Amino acid sequence: MFKIFSKLYQSRELACFYNDYESTETFYVGYIVAFNKTEIAIQLISVDGADDGIIVINIDNIFRVETEGKYIEKIKKLIPFSQINDFSNALDENEIYKSLLKFAYDKKGIVSIELNNSGFSDVVGFVEDINKDICSINQIDEYGFDDGHSYVKIDDITEISYSRIEEKRLIRLWNFNKNTRDGSLC
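Residues numbered from 1 in each chain as written. Predicted model: local features only at pLDDT ≥ 70, side-chain atom pairs only at ≥ 80, totals over all residues. Heavy atoms only, no water.

**Quick notes on the packing of aromatic side chains**
Okay, step 1: All chains considered together, the criterion is met by 11 aromatic pairs.
Okay, step 2: A centroid spacing of 5.7 Å and a plane angle of 80° characterise the contact between Phe 87 and Phe 103, whose relative ring orientation is edge-to-face. A residue pair is termed long-range when its members are at least 10 positions apart, and Phe 87 in the loop between helix H2 (70–78) and helix H3 (96–107) and Phe 103 in helix H3 qualify at 16 residues. The same class applies to Phe 87 as to Phe 103, namely buried.
Okay, step 3: Aromatic ring contacts, followed pair by pair, group Tyr 18, Tyr 21, Phe 27, Phe 63 and Tyr 71 into a single cluster.
Okay, step 4: We note Arg 12 situated over the ring of Tyr 31; from NZ or CZ to the ring centre the distance is 4.5 Å. (Phe/Tyr/Trp six-rings, centres within 6.5 Å; stacked < 30°, edge-to-face > 60°. Helix = DSSP H or I, 4+ residues; strand = E, 2+ residues; numbered from the N terminus. Buried < 20%, exposed > 50% of the residue type's maximum accessible area, 1.4 Å probe, protein only. Lys NZ or Arg CZ within 6 Å of the ring centre and 35° of its normal.)

**Comments concerning the pairing of strand E2 (residues 28–35)**
Okay, step 1: Burial within E2 is extensive, with eight of its eight residues counted as buried.
Okay, step 2: Pairing of strand E1 (residues 15–18) with E2, which is carried by three bridges, proceeds in the antiparallel orientation. Its bridge partner being in E2, Cys 16 is matched across the sheet by Val 29.
Okay, step 3: With five bridges connecting them, E2 and strand E3 (residues 39–45) associate as antiparallel partners. Directly across from Gly 30, in E3, lies its bridge partner Leu 44.
Okay, step 4: With antiparallel pairing between neighbouring strands as the criterion, E2 and E3 make up a hairpin whose turn holds three residues. (Pairing = 2+ DSSP bridges.)

**Examining the sheet that holds E2**
Okay, step 1: Pairing is antiparallel across the open sheet formed by 10 strands, whose spatial order is E5-E1-E2-E3-E4-E10-E6-E7-E8-E9. Lying at the two open borders of the sheet, with one neighbouring strand each, are strand E5 (64–66) and strand E9 (146–153). Neighbouring strand axes in the sheet, compared pairwise and without regard to direction, differ in orientation by 40° on average.
Okay, step 2: Here E1 runs beside E5; their pairing, made up of three bridges, is antiparallel. Bridged to Tyr 18 within E5 is Arg 64.
Okay, step 3: Docked against the sheet, helix H1 (residues 2–11) engages E1, E2, E3 and E5, running at close to 95° with respect to E2.
Okay, step 4: Across the sheet, H3 touches E2, E3, strand E4 (51–58), strand E6 (110–115), strand E7 (123–130), strand E8 (134–140) and strand E10 (157–162), and the angle it forms with E10 is around 35°. (Axes fitted to C-alpha atoms, helices over the stretch in contact; angles between N-to-C directions. Contact = heavy atoms within 4.5 Å.)

See below:
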């Protein structure tokens, strides 16, 4: 698969990436913006051809890649009507997980983190600090309120998403709640 990823990365070709053995009909659609022997970053495109953030996953979790199908052709027709963010310059190919965490920290954005292939977003929130081995997260609940802190071993991360629909919704709720607490909205 490494050669396929390399070709897709160099050509910036849109593809479908399958990584869920429990639900083999689901997939991500997007462009590879960075990869190495263990991690891959995919700029995601929604079913409507719109920007859907970025996801970084373990490269070994991808078991199928699809190109040139009718679904991809449909998405290609919709993309020109959307503004797609480009994350390619934001990531260090040697440390993709860490560089996305740093990017989210710098942008004050919310990340969703899966640990040890759990299949869930185990930790969701703002990156507070990153060091060699540990990342600390100010957790945000589904209603956009602060919900404690988590300290995560970076080696246990198996997926990070940033600026997807879920994270965008949470940042809007968090901002609304923050403004309400500060007395800006009454």
